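Chain residues, written in single-letter form:
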Amino acid sequence: METGFSIALIIFSALLMMLVLMHKGKGGGLSDMFGGGMQSSVGGSSVAERNLDRITVVVGLLWFACIVALGVMMKLD
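Just so it is clear, the structure is predicted and the values come from calculations on it, not from any experiment. (Residues numbered from 1 in each chain as written. Predicted model: local features only at pLDDT ≥ 70, side-chain atom pairs only at ≥ 80, totals over all residues. Heavy atoms only, no water.)

K.L.:
Which residues make up the overall build of the protein chain, and what are the values?
P.N.:
Regarding its fold elements, the protein chain presents four helices and zero strands. Starting at the N terminus and walking to the C terminus, you meet the elements of the protein chain as α-α-α-α. Taken over 77 residues, the protein chain has a buried fraction of 14%. In the form shown here, the protein chain has an accessible surface area of approximately 6,000 Å², with 74% of it arising from carbon and sulfur atoms. (Helix = DSSP H or I, 4+ residues; strand = E, 2+ residues; numbered from the N terminus. Buried < 20%, exposed > 50% of the residue type's maximum accessible area, 1.4 Å probe, protein only. Areas by Shrake-Rupley, 256 points an atom, 1.4 Å probe, with all protein chains shown as cover.)

Printed below as a string of structure tokens:
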């Protein structure tokens, strides 16, 4: 069981890395945090970008669940 979660964690880690790298860069760095990039974020995003965001969130949640499950299993051993 622990081996299955470890393999799933490796797969979800690689998938999450690829999904994050596929996102379109917004640019601006720290200036975006303080409102400097408002012009670029006002425009709507495409359906593909929204679906990529949703898939990234789901894979991130599955990655987190694998980490928690592995931690619980290791603590119970």
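The structure having been displayed, the exposition proceeds.
K.L.:
Provide a residue-level description of the packing of helix H1 (residues 2-22) against helix H4 (residues 47-76), including the pertinent values.
P.N.:
Remark: H1 packs on H4, axes separated minimally by 9 Å, with the N-to-C direction vectors making an angle of 150°. Compared by their axis directions, H1 and H4 come out roughly antiparallel. As H1 packs across H4, the resulting crossing turns out to be left-handed. Across the contact of H1 with H4, the residue classes tally to 20 nonpolar, four polar and one charged. (Axes fitted to C-alpha atoms, helices over the stretch in contact; angles between N-to-C directions. Parallel < 35°, antiparallel > 145°, perpendicular 65-115°, else oblique. Left-handed = near helix turned anticlockwise from the far one by under 90°. Nonpolar A, V, L, I, M, F, W, Y, C, P; charged D, E, K, R; others polar.)

K.L.:
Describe the nonpolar core, listing the residues and the values that go with them.
P.N.:
Within the largest apolar cluster, nine residues are counted, these being Leu9, Phe12, Leu16, Leu19, Leu52, Val59, Cys66, Leu70 and Met73. Every element with two or more residues in this core is listed here: H1 and H4. Here the element with the most residues in this core is H4; it accounts for five residues. (Core = buried A, V, L, I, M, F, W, Y, C linked by side-chain atoms within 4.5 Å.)

K.L.:
Please provide a residue-by-residue account of H1, values included.
P.N.:
Its 21 residues give H1 an end-to-end C-alpha distance of 30 Å, which sits within 8% of 30 Å, the value for a rise of 1.5 Å per residue. Taken together, the buried positions of H1 are occupied by Leu9, Phe12, Leu16 and Leu19. In a view along the axis of H1, the buried residues occupy a sector of 100°, so they form one face of it. Opposite the buried face of H1, at more than 90 degrees from it, the exposed residues are Thr3, Ile10, Met17, Leu21 and Met22. Next to the buried residues of H1 lie H4. (Expected span 1.5 Å × (residues − 1). Arc of directions from axis to C-beta. Contact = heavy atoms within 4.5 Å.)

K.L.:
With reference to specific residues and values, describe H4.
P.N.:
Between its first and last C-alpha, H4 extends 44 Å over 30 residues, near the 44 Å set by a 1.5 Å rise per residue. Turning to H4, its buried residues number three or more, namely Leu52, Thr56, Val59, Cys66, Leu70 and Met73. For H4, the elements touching its buried residues are H1.

K.L.:
Could you give an account of the environment of Cys66, naming the residues involved and the relevant values?
P.N.:
Tracing the chain through its elements places Cys66 in helix H4. For the pair formed by Cys66 and Glu2, sequence separation is 64 residues and the distance between their alpha carbons is 9.9 Å. Ignoring sequence-local partners within four residues, the contact set of Cys66 consists of Phe5, Ala8, Leu9 and Phe12.

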